[in-house]
Amino acid sequence: MYGYSEHQYESSRETRDSWKFGSVSLRVKHKGRVGIADHFNCTNEINMTNTREVELKALLERYTVSNTSSKAPSSHDVKLLAESLAPGPPRAEHALAYLTLSKIISTQAQSGSTYNELQSSGIEYIIEVFGSSTTDLDPLAFVPFTALIGSLFPLDPQSAQSLSTHQISVTSDKNAVDDPLAVLLEAAELPSALQPVLADMLAQAAGTKVGRELIRSRAEEWLRGAVGLNGSPDLAAVCAVALSKLNEEVVPGQEGQQEGDIMEMCDKMMEAVRSGSSTSAATRTSLEGLAVLSSRLAIRQRLADDSAFLKSLVSLSPIPRPKGGSLPITPRASIDLDLEAEPADTALCYGITTILVSITSPKATLSAEDTQAARLRAMAISGKRDTSQVAQDDPLESEDAVRKRVTSVIQSGGIKALTGLVRADSQVVKAGLGKLCLNMVEDRENRLVFIRDGGFKALSTVIRDLLPSSTKSEQAPVNETKVSSLLHAAQAMAKLVITTPPNLLFPPPLTTTCLNALTPLYHLLCGSSSSLLQRFESLMALTNIASIEPSIATRLVEATFIPTEREGESMWRGKTDRTPTRIFHRIEECLTNDNTLVRRAATELICNLVSCEAGFQEYSNPKNARVPSRLRLMLILTGSDDLPTRLAAGGVLATVTESPDACSSLLKEEDRPAWSRVLAFMEYVEEEEDEDGNAIPVISSLPPDEPSIHRGAIILFNLIEYVAAFDQTPRRKELDRMRTAGVQECLMRILRSKLDMSILEPVVATLKLLKSIE
């Protein structure tokens, strides 16, 4: 709800029947220097404000206590809420009144009431406000009631519509009846403080189906007239918000006219943002309207092309300023700055965030089923039978167009604005900021700028607030939207970790601060809603973090993940499965993924993890029943078609074969001895099959791969060293298997090739060891 500050309009004389933009029948009298503040003495107003706050707290407490919450609000309570919601009272009082109104409605909804009590009290208040026997009505008397209805529309549209159209007698003629909306429209024909409040009420009503129907039948003409006024740009902007919401529903046969109207409304709201401030009511309401319109591609492009608008939008962010101190320079990341700023306005931050997210969002990636459904939907709307004609990509959704829009936002200071926006105490705002950070770092060229301007610190705060609390024994249910928002923020962090050196990304001490990135990456890897791309990026990021220090790799090997209630849902079980899962096991599952890149990333991560003692034991401990199958899988991966996967698997085996237990498990392979697989890894050649299914090596002119030779030679050396400790009979048997595989011949061929001596050293050492045991 976008509240309004005090509005004052001046008139040097009594004005009558001028500045009209609708059909009128009542005579409305406006006296000179009309303004809300003119009706109150400052001292008395402060006392009245304090009194209202006390009464509001008592009213809220009454509806908070269960045994008295069923008591209906009186007409005095309704009047109290209306006066507190009107322009003028402090922001805290306005927020308290809105909270109380929301509590009254929710309490009666829980009790099964249809709000008859609230409507009954509201009707008494209507009679008190509108039951005048004179024809000269003061518009200021209607401001509190109008503000009340505007606040009620988002909470309970039916009650708001019923109260605003309740039939009452407004003249001395008892047979003449009208409703409050008609009186308000008549009273707001001429400049007064009622006009902006009525415009705001209609803007809130336009956000509901009931309200849109009411506006189309009763108030659309008034709104269009106000938009065309040249003397009141703020009023025009608020009315443009209401009209833009009306145009969200496509009217058949009027698409072109609606599009033109929307562009005109967009220009009005952009002008209000460019010329307004964060405390301006028109600016705040314009943000709401632009947040709705920015879902359209044409509007996104128009907003991104206007650099003045973007800079004004970003400047509205509540950017905190550090307090002054005695030390002129503070070491980087040594302490947290004590930021001096008022609490962030949630509604303002939500509007800014929503607009920026819309501008920077790329085209949604759809599955094959969703793509076909979209084509069928477009075909049904257009009436065409050929889906290829209706499913054309919009150039505004191209990667180049999106990249330019993101660049425009960054150049306008969008990254620095995150520092202020992240202070909003709202999960919805934090969810939007997570998506905004992801959009900004999608292009690799923007990532260093993102880190330099403080984006990574803001992203870390967003992730911290979106992560489920681990302090509660019974974790609260997490809805799908929150899980998706956390994944967006975690994916943004993964992209930064992948491409940025850890010492530049994490502040010192590096080995401590980098641990904060582990939990969000676990969610990205293990979440049931994670996409394949998100899992791949989480594996890449974890690989980089594990390479910082063995102690971090140990922590990763031993880590467990407890899924949130949403992530643990299973369609085959009657209740949520929240059994702790080891991260190491999830990584192993990715080793057999159908996607080559996912297999590669998982293998490279395992290669880093076996460098620590905990990871080494996972592939060498004889008491672990999974060790043989793990080694067998790594041996198979050394024959992968993907070179990086082969090298990573070879690196794992080169490390773990230092353990005699690992060597013993490898040599027990009977289907295809480990010797032949290691030699194939060193001299990798693609194989084809003949008609009978026999392997035919393909002759290649490519030189042997030096890293593969180096790793393979180390594996052979460790295996032969293990065999050297055998007794004579088992050693002779293993030597026969080596001769059959052609170990010595392969090593000699490699030795005769023109390779660097650093690569040939382990080959020479392996040949010497083999000669010594024959």
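Cut-off values and rules
- Residues numbered from 1 in each chain as written.
- Predicted model: local features only at pLDDT ≥ 70, side-chain atom pairs only at ≥ 80, totals over all residues.
- Heavy atoms only, no water.
- Helix = DSSP H or I, 4+ residues; strand = E, 2+ residues; numbered from the N terminus.
- Buried < 20%, exposed > 50% of the residue type's maximum accessible area, 1.4 Å probe, protein only.
- Contact = heavy atoms within 4.5 Å.
- Phe/Tyr/Trp six-rings, centres within 6.5 Å; stacked < 30°, edge-to-face > 60°.
- Salt bridge = Lys/Arg side-chain N within 4 Å of Asp/Glu carboxyl O.
- Axes fitted to C-alpha atoms, helices over the stretch in contact; angles between N-to-C directions.
- Parallel < 35°, antiparallel > 145°, perpendicular 65-115°, else oblique.
- Left-handed = near helix turned anticlockwise from the far one by under 90°.
- Nonpolar A, V, L, I, M, F, W, Y, C, P; charged D, E, K, R; others polar.
- pLDDT = per-residue confidence, 0-100.
- Core = buried A, V, L, I, M, F, W, Y, C linked by side-chain atoms within 4.5 Å.
- Expected span 1.5 Å × (residues − 1).

### Observations concerning the overall build of the protein
Okay, step 1: The number of helices and strands found in the protein is 40 helices and 10 strands.
Okay, step 2: Out of the 774 residues in the protein, the part that is buried amounts to 48%.
Okay, step 3: For the protein, the share of sequence-separated contacts (at least 6 apart) that also reach a separation of at least 24 residues comes to 71%.

### A short note on the packing of aromatic side chains
Okay, step 1: Applying the stated criterion across every chain yields a total of 3 aromatic pairs.
Okay, step 2: Considering the side-chain rings of Phe 584 and Tyr 619, the 6.4 Å spacing of their centres and the 75 degrees angle between planes classify their relative orientation as edge-to-face. Note that Phe 584 is positioned in helix H30 (residues 583–589) and Tyr 619 in the loop between helix H32 (613–618) and helix H33 (627–637), a separation of 35 residues in sequence.
Okay, step 3: Considering the side-chain rings of Tyr 722 and Phe 726, the 4.9 Å spacing of their centres and the 80 degrees angle between planes classify their relative orientation as edge-to-face.
Okay, step 4: On the basis of relative accessible area, Tyr 722 is assigned to the partly exposed category, the value being 22%.

### Some words on the pattern of salt bridges
Pairing of side chains with opposite charge becomes possible as their charged atoms draw close.
Okay, step 1: With the rule as written, the count across this model stands at 24 salt bridges.
Okay, step 2: Of the charged contacts, one joins Arg 274 and Asp 306 as a salt bridge, the two residues approaching to 2.5 Å between their closest N and O atoms. A residue pair is termed long-range when its members are at least 10 positions apart, and Arg 274 in helix H12 (residues 255–275) and Asp 306 in the loop between helix H14 (297–305) and helix H15 (307–315) qualify at 32 residues.
Okay, step 3: Judged by its relative accessible area of 28%, Arg 274 falls in the partly exposed class.
Okay, step 4: Put simply, Arg 630 and Glu 618 hold a salt bridge, and the shortest N to O gap is 2.6 Å.

### Some points on unusual backbone geometry
Okay, step 1: In this structure, the amide linkage connecting Pro 508 to the following residue, Pro 509, adopts the cis form with an omega of -5 degrees.
Okay, step 2: Here Pro 509 is to be found in the loop between helix H25 (502–505) and helix H26 (510–513).

### A short note on the side chain of Arg 677
Okay, step 1: Residue position: Arg 677 is located in helix H36 (residues 674–682).
Okay, step 2: If we ignore the near neighbours within four places in the chain, the residues touching Arg 677 are Leu 635, Ile 636, Thr 638 and Arg 672.

### Remarks on the environment of Val 238
Okay, step 1: Position of Val 238 among the secondary structure elements: in helix H11 (residues 233–246).
Okay, step 2: Separated by 12 residues in sequence, Val 238 and Ala 226 place their C-alpha atoms 9.2 Å apart.

### Quick word on the packing of helix H37 (residues 706–724) against helix H40 (residues 757–773)
Okay, step 1: At a minimum axis distance of 9 Å, the contact between H37 and H40 shows a crossing angle of 25 degrees. One way to sum up the angle between H37 and H40 is to call them roughly parallel. The element H37 and its partner H40 pack so that their crossing is left-handed. In contact with Glu 706, Ile 709, His 710, Ala 713, Ile 714, Leu 716, Phe 717, Ile 720, Glu 721 and Ala 724 of H37, H40 contributes Ser 758, Ile 759, Pro 762, Val 763, Ala 765, Thr 766, Leu 769, Leu 770 and Ile 773.
Okay, step 2: Here the contact of H37 with H40 is built from residues that sort into 14 nonpolar, 3 polar and 2 charged.

### Comments concerning the confidence of the model for the protein
Okay, step 1: Within the protein, residue pLDDT values average 80, and 75% of them lie at 70 or more.
Okay, step 2: In this model residues 566–576 is a low-confidence stretch, pLDDT under 50, and it forms 15 contacts with partners more than four residues away in sequence or in other chains.

### Let's talk about the packing of helix H35 (residues 660–667) against H37
Okay, step 1: H37 packs onto H35 with a crossing angle of 95 degrees between their chain directions and a minimal axis gap of 10 Å. Our classification of the angle between H35 and H37 gives roughly perpendicular. Across the interface between the two elements, Pro 660, Cys 663, Ser 664, Leu 666 and Leu 667 from H35 touch Asn 718, Leu 719, Tyr 722 and Val 723 from H37.
Okay, step 2: Its residues assigned to classes, the contact of H35 with H37 comprises 7 nonpolar, 2 polar and no charged.

### Some thoughts on the nonpolar core
Generally speaking, a soluble globular protein has its nonpolar side chains buried in company with each other.
Okay, step 1: Ranked by internal contacts, the top residues of the largest apolar core, which has 202 residues, are Ile 587 and Tyr 619.
Okay, step 2: Broken down by element, this core gets its largest block of residues, 10 residues, from helix H24 (residues 480–499).
Okay, step 3: Other than its neighbours up to four places away in sequence, Tyr 619 contacts Phe 584, Glu 588, Leu 591, Ile 606, Val 610, Val 627, Arg 630, Leu 631, Met 634, Val 652, Val 656 and Ala 662.

### Examining the side chain of Ser 286
Okay, step 1: The residue Ser 286 is located in helix H13 (residues 281–293) in this model.
Okay, step 2: By relative accessible area, which is 0% here, Ser 286 ends up buried.
Okay, step 3: Filtering out sequence-adjacent residues up to four positions away, Ser 286 remains in contact with Ala 237, Val 241, Met 269, Ala 272 and Val 273.

### Quick word on H37
Counting along an α-helix, one turn takes 3.6 residues, and residues three or four places apart therefore face a common direction.
Okay, step 1: When the terminal C-alpha atoms of H37 are compared, their 27 Å separation across 19 residues agrees well with the 27 Å that a helix rising 1.5 Å per residue should span.
Okay, step 2: When H37 is considered as a whole, its buried residues turn out to be Ser 708, Ile 709, Gly 712, Ala 713, Ile 715, Leu 716, Asn 718, Leu 719, Ile 720 and Val 723.
Okay, step 3: Against the buried residues of H37 lie helix H34 (643–656), H35, H36, helix H38 (728–741), helix H39 (743–752) and H40.

### Details of the environment of Glu 397
Okay, step 1: Tracing the backbone through its elements, the reader meets Glu 397 in the loop between helix H18 (387–390) and helix H19 (399–411).
Okay, step 2: By relative accessible area, which is 27% here, Glu 397 ends up partly exposed.
Okay, step 3: Taking the C-alpha atoms as reference points, Glu 397 and Ala 364, 33 residues apart in sequence, are found 9.3 Å from one another.

### Details of H40
Okay, step 1: Between its first and last C-alpha, H40 extends 25 Å over 17 residues, near the 24 Å set by a 1.5 Å rise per residue.
Okay, step 2: Check the buried side of H40 and you find it contacts H37, H38 and H39.

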